[in-house]
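Next come the chains, spelled out residue by residue.
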Amino acid sequence: MQYLLFIISDPAAPEYVPEEDNIEEWVADVERRDVSWTGSRLRPPSDATTVTVRDGRTILTDGPFTETKEWIAGFDLIDVADLDEAVEIASKHPMARFGRVEVRPTWPFE
């Protein structure tokens, strides 16, 4: 089953400590398990463009689609046996300590 891990900033989380950022170990683990499909960091919300179509017109808006202090900083798409495995993998991501990781199952078109 595929799960998208949203890597989310969280102003209320403990302060980021670069020396405790073990992202290389985390990536190596998901690659060793052969469950990683893709993943990447995202540019900040200030670099976003929101696209809306209303009455046949395309409207572009600079910035994020919501006003919030938290923002999606990256993502990982994994393919694992079940939610328990997805949560276990997410719990080892450094942003689970310095931010949040939302685990969401994909919903394939059938």
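Residues numbered from 1 in each chain as written. Predicted model: local features only at pLDDT ≥ 70, side-chain atom pairs only at ≥ 80, totals over all residues. Heavy atoms only, no water.

Below, the discussion takes up the overall build of the chain. Along its length, the chain carries three helices and six strands. Secondary structure of the chain in N-to-C order comes out as β-α-β-β-β-β-α-α-β. Viewed in the frame of its principal axes, the chain has a C-alpha envelope of about 50 × 40 × 20 Å. Per-residue burial for the chain yields a buried fraction of 27% across its 110 residues. (Helix = DSSP H or I, 4+ residues; strand = E, 2+ residues; numbered from the N terminus. Buried < 20%, exposed > 50% of the residue type's maximum accessible area, 1.4 Å probe, protein only.)

Here we take up the pattern of salt bridges. Enumeration according to the criterion identifies seven salt bridges in this entry. Across the pair aspartate 47 and arginine 43 runs a salt bridge whose closest N-O atoms are separated by 2.9 Å. Look at aspartate 47 and you get partly exposed, because its relative accessible area is 43%. A relative accessible area of 64% places arginine 43 in the exposed class. Taken together, the salt bridges that share partners define one network made up of Asp29, Arg32, Arg33, Glu88 and Lys92. (Salt bridge = Lys/Arg side-chain N within 4 Å of Asp/Glu carboxyl O.)

Now for the confidence of the model for the chain. Across the chain, the average pLDDT comes to 91, with 95% of residues at 70 or higher. Ranking the elements of the chain by mean pLDDT puts strand 3 (residues 49-54) last with 90 and helix 2 (residues 83-91) first with 97. (pLDDT = per-residue confidence, 0-100.)

Of all seven residues in strand 1 (residues 2-8), five are buried; the element is thus mostly enclosed. Where strand 1 and strand 6 (residues 100-105) come together, six bridges link them in antiparallel fashion. From the neighbouring strand, leucine 4 faces strand 6, where its bridge partner is arginine 104. (Pairing = 2+ DSSP bridges.)

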